[in-house]
Amino acid sequence: MYLLGYSLDNLSLMALTISTGFVVDDAIVVIENITRYLEQGMHPLEAALKGAQEVSATVFTISISLIAVFIPLLLMGGIVGRLFREFAVTLSVAIAVSMVVSLTATPMMCAHLLKEERSHGWMYRTSERAFDWVVDLYGRTLAVALRFRAITLVVLLAPSD
């Protein structure tokens, strides 16, 4: 913002606040994919390279799509357009920087900071059992609902007074 000559007003602060969610989201997508490979037993560097490569197109596409949303704000005229231009540029630059960091620095930090997990703790095992139970319950109830489609449809369309 300083390099572009923008001031730190309410719209710029709002843009930075909104960009926080986008920045974290990009990193989470990359880290989750890398963690998946670590849990499969890969070496951290190999998991980081493969995980980042696998989601790089997705992160790039999401970031470009988000930036494209702000193009109409960039093209607005008048005083309101000037205000929103600063907002749109600030948010677009933050998204672009987030994309670059998520595809470069985040995988390398994962390679150096995340360790191969040989066994999980009691909390993971307990929550995993609970999650498996919920997934199993969902599967069984879904099978019943699909077996009795007509009844399920009638229940769905029934008034809920």
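Residues numbered from 1 in each chain as written. Predicted model: local features only at pLDDT ≥ 70, side-chain atom pairs only at ≥ 80, totals over all residues. Heavy atoms only, no water.

Colleague: Explain helix α2 (residues 44–69) residue by residue, including any values.
Modeller: Look at α2: 36 Å from first C-alpha to last across 26 residues, which is about the 38 Å you get at 1.5 Å a residue. The largest bend along α2 measures about 45° and falls at V55. Among the residues of α2, P44, A47, A48, G51, A52, V55, V59 and S63 are the ones counted as buried. Residues of α2 that are buried sit in contact with α1 (10–39), α4 (78–103) and α5 (105–113). (Helix = DSSP H or I, 4+ residues; strand = E, 2+ residues; numbered from the N terminus. Expected span 1.5 Å × (residues − 1). Bend = angle between axes of the 7 residues up to and from the residue. Buried < 20%, exposed > 50% of the residue type's maximum accessible area, 1.4 Å probe, protein only. Contact = heavy atoms within 4.5 Å.)

Colleague: Outline the packing of aromatic side chains, supporting the account with residue identities and numerical values.
Modeller: Under the criterion given, the structure shown has two aromatic pairs. Ring centres of F70 and F87 lie 6.2 Å apart, and the angle between their planes is 75°; this geometry places the pair in the edge-to-face category. On the criterion of sequence distance, the pair formed by F70 in the loop between α2 and α3 (71–74) and F87 in helix α4 is long-range, its members being 17 residues apart. By relative accessible area, which is 10% here, F70 ends up buried. A ring pair is formed by F84 and F87, whose centres lie 6.3 Å apart and whose planes are at 85°; its orientation type is edge-to-face. Pair noted here: F84 and F87 are both in helix α4, with a separation of three residues, about one helical turn. With relative accessibility at 28%, the residue F84 sits in the partly exposed group. Through a chain of ring-to-ring contacts, three or more aromatic side chains come together here, namely F70, F84 and F87. Positioned over the ring face of Y37 is R36, at 4.5 Å from the centre of the ring. (Phe/Tyr/Trp six-rings, centres within 6.5 Å; stacked < 30°, edge-to-face > 60°. Lys NZ or Arg CZ within 6 Å of the ring centre and 35° of its normal.)

Colleague: Outline the environment of S92, supporting the account with residue identities and numerical values.
Modeller: Structurally, S92 can be placed in helix α4. In this structure S92 comes out as buried when scored by relative accessible area, which is 10%. Spatially, the C-alpha atom of S92 lies 9.3 Å from that of V69, the residues being 23 residues apart in sequence. With residues up to four places along the chain from it excluded, the contact list for S92 reads I67 and F70.

Colleague: Describe in detail the environment of E46, supporting the description with residues and values.
Modeller: By the element assignment, E46 lies in helix α2. Judged by its relative accessible area of 47%, E46 is partly exposed. Sequence separation between E46 and L11 is 35 residues, and the spatial gap between their C-alpha atoms is 42 Å.

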